[in-house]
Amino acid sequence: MKKYNIALIPGDGIGPEVVDEGVKVLKAIEKLDPNLAFTFTQFPWGCEYYLEHGKMMDDDGIDKLRTFDSIYLGAVGYPGVPDHISLWDLLLRIRKEFDLYVNIRPITLLNGSLTPLKDKTTKDIDFLVIRENSEGEYAGAGDWLFKGKPEEVVLQTGVFSRKGTERIIRYAYEEARKQNKTLTSISKGNALNYSMVFWDEVFEDVGKEYPDVETYSYLVDAASLYFVSNPERFEIVVTSNLFGDILTDIGAAITGGMGLATGANVNPEQEFPSMFEPVHGSAPDIAGQGIANPLAAIWSISQMMDFFGEEKWGAVILESIKDILKETDRLTPDLGGEATTSELGDYFIDVLEKNYTTNK
Ligand code: GGG
């Protein structure tokens with residue numbers, strides 16, 4: 001039997017509500033599959049913790065997380081704590097300390113009715129964004145000079161190391177080769193005359209090792225337009241930290257909204273636990289109402305199963321999400337239904353059980 005130890009950080013706002021549903025899925029898997037077992041350890045970190053203790057997580061939080069097989073995160077951020085504190089002291093800290101340099105965000109339309117794009121079908125919107133997740137514009141480098149004075153200056157420096165840039169681009173080429181798909185690099189070399197010229201050069205240089213991979217290179221402004229006008233152009237996309245963050249929100253918008261956007265933060269060498277999370281934030285406007293859509297958080301479990309090498313489970317979870325999306329009245333209000341978070345989660349388990357038993 002394979003046992004996986006999972007650290008839970010439900011976090012803030014709707015985070016705990018959606019993480020509960022993801023945990024339900026893991027518990028259902030354990031019941032259905034005698035070869036798998038999960039243990040859960042929950043950490044109370046987040047904005048409430050900050051207001052009580054003056055920090056988002058324990059000082060030795062990283063050491064506490066180090067031995068887990070994976071981390072399952074809900075959401076971070078809540079009014080009362082500045083966003084740059086909640087993001088940096090928890091989510092970005094974990095990504096950096098565990099060198100989770102690959103952020104894998106699928107942009108896949110699971111049901112044709114969910115896209116606001118006229119004439120686009122599930123065949124047109126099915127790609128993977130591989131976002132650099134450890135440096136770039138989110139390196140945290142900069143300064144704030146002459147604060148409050150007329151000559152005040154702030155500097156936010158993008159950091160693009162050769163190691164960091166090469167490894168994410170190589171990862172994307174490998175993925176494109178493995179999946180026999182095209183690879184598109186998204187940058188901004190015409191305006192960012194150091195960082196993105198360097199990015200483009202590395203993309204070209206590493207590409208010499210992959211003559212079999214068909215490539216494209218777009219400026220981020222043009223790519224933003226194509227995400228909406230011609231999403232079928234994309235198969236595998238590689239881009240920087242900031243561009244990936246922004247572009248994948250466009251990706252969410254064309255595939256059914258933030259309630260269906262998932263992301264895996266991965267250390268491919270497996271030196272540290274990887275982290276799985278819905279892309280959405282804590283949504284304070286609906287927190288505590290029991291109406292948050294848990295499907296992004298459940299999709300994160302599918303990514304976690306794939307990462308563990310349990311691809312059969314990854315696939316059956318995704319198949320079950322697709323089935324659920326056919327029944328609008330069983331969905332949460334963001335998708336046009338009236339179900340609560342836990343009603344949708346319970347229904348998901350029924351569909352998962354049925355699909356697993358049928359496919360066995
Ligand atoms: N699901 C985690 C969360 O709260 N994400 C909000 C966010 O702003 N994330 C920024 C990022 O992914 O870099």
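Keep in mind the model is a prediction, meaning the values are calculated, not measured.

The 10 strands lie next to each other as 2-1-3-12-11-4-5-10-8-9, forming an open sheet whose pairing is mixed. The open sheet has two free edges, formed respectively by strand 2 (36-42) and strand 9 (215-219), since each of these has just one partner strand. Each strand axis lies, on average, 25° off the axis of its neighbour in the sheet, ignoring direction. Alignment of strand 8 (residues 183-187) against strand 10 (residues 236-239), held across 4 bridges, turns out to be parallel. Residue Ile186 lies in a different strand from strand 10, and its bridge partner there is Thr239.

On to the site of the ligand, then. Surveying the vicinity of the ligand reveals 15 residues, the closest of which are Arg95, Arg131, Glu277, Pro278 and His280. Between the ligand and the protein, one listed contact pairs an oxygen atom with a backbone N or O atom of Val76 at 2.9 Å. Between the ligand and Glu277 there is a distance of 2.9 Å, counted from a nitrogen atom to a side-chain nitrogen or oxygen. Of all the secondary structure elements, the ones that give two or more residues to the shell around the ligand are strand 3 (70-75), helix 4 (83-97) and strand 12 (274-278). Per-element accounting of the shell around the ligand gives the leading share, 3 residues, to helix 4. Class assignment for the residues of the shell around the ligand results in 7 nonpolar, 3 polar and 5 charged. Residue-level mapping places the shell around the ligand at the junction of two domains, with at least three residues from each of domain 1 (1-101 + 267-360) and domain 2 (109-256).

Within the structure shown, the criterion is met by 16 aromatic pairs. Ring geometry for Phe127 against Phe227: centres 5.1 Å apart, planes inclined by 80°, an arrangement best described as edge-to-face. Of this pair, Phe127 sits in strand 5 (residues 126-132) while Phe227 sits in helix 7 (residues 220-229), and the two are 100 residues apart along the sequence. Taking the relative accessible area as the measure of exposure, Phe227 reaches 0% and is therefore buried. Centroid distance Phe276 to Phe307: 5.7 Å. Interplanar angle 55°. Geometry classified as tilted. One end of the pair, Phe276, is in strand 12; the other, Phe307, is in helix 9 (residues 295-307), and 31 residues separate them in sequence. Ring pairs connect the aromatic residues Phe127, Tyr216, Tyr218, Tyr226, Phe227 and Phe234, which therefore count as one cluster.

Bringing the domain arrangement of the protein chain into the picture now. Segmenting the protein chain into domains produces domain 1 (1-101 + 267-360) and domain 2 (109-256). A C-alpha centroid distance of 24 Å is found between domain 1 and domain 2. Each partner contributes to the interface: domain 1 provides 15 residues, whereas domain 2 provides 16 residues. Carbon and sulfur atoms supply 60% of the area buried between domain 1 and domain 2, which totals about 1,300 Å² over both sides. If you sort the residues of domain 1 by the area they bury against domain 2, Arg95, Tyr101 and Leu325 come out on top, with a joint share of 41%. Remark: the boundary between domain 1 and domain 2 carries 5 residue pairs in polar contact (both at pLDDT 80 or more). Listing elements by their share of the side of domain 1 that touches domain 2, those giving two or more residues are helix 4 and helix 10 (311-324). A breakdown of the residues in the side of domain 1 that touches domain 2 according to their chemical character gives 10 nonpolar, no polar and 5 charged.

Criteria and thresholds
- Residues numbered from 1 in each chain as written.
- Predicted model: local features only at pLDDT ≥ 70, side-chain atom pairs only at ≥ 80, totals over all residues.
- Heavy atoms only, no water.
- Pairing = 2+ DSSP bridges.
- Helix = DSSP H or I, 4+ residues; strand = E, 2+ residues; numbered from the N terminus.
- Axes fitted to C-alpha atoms, helices over the stretch in contact; angles between N-to-C directions.
- Near = heavy atom within 4 Å.
- Polar contact = N/O pair within 3.5 Å; in protein donor to acceptor, adjacent residues only side chain to side chain.
- Nonpolar A, V, L, I, M, F, W, Y, C, P; charged D, E, K, R; others polar.
- Domains from an automatic or database assignment.
- Phe/Tyr/Trp six-rings, centres within 6.5 Å; stacked < 30°, edge-to-face > 60°.
- Buried < 20%, exposed > 50% of the residue type's maximum accessible area, 1.4 Å probe, protein only.
- Contact = heavy atoms within 4.5 Å.
- Buried area = accessible area lost by both parts, 1.4 Å probe.

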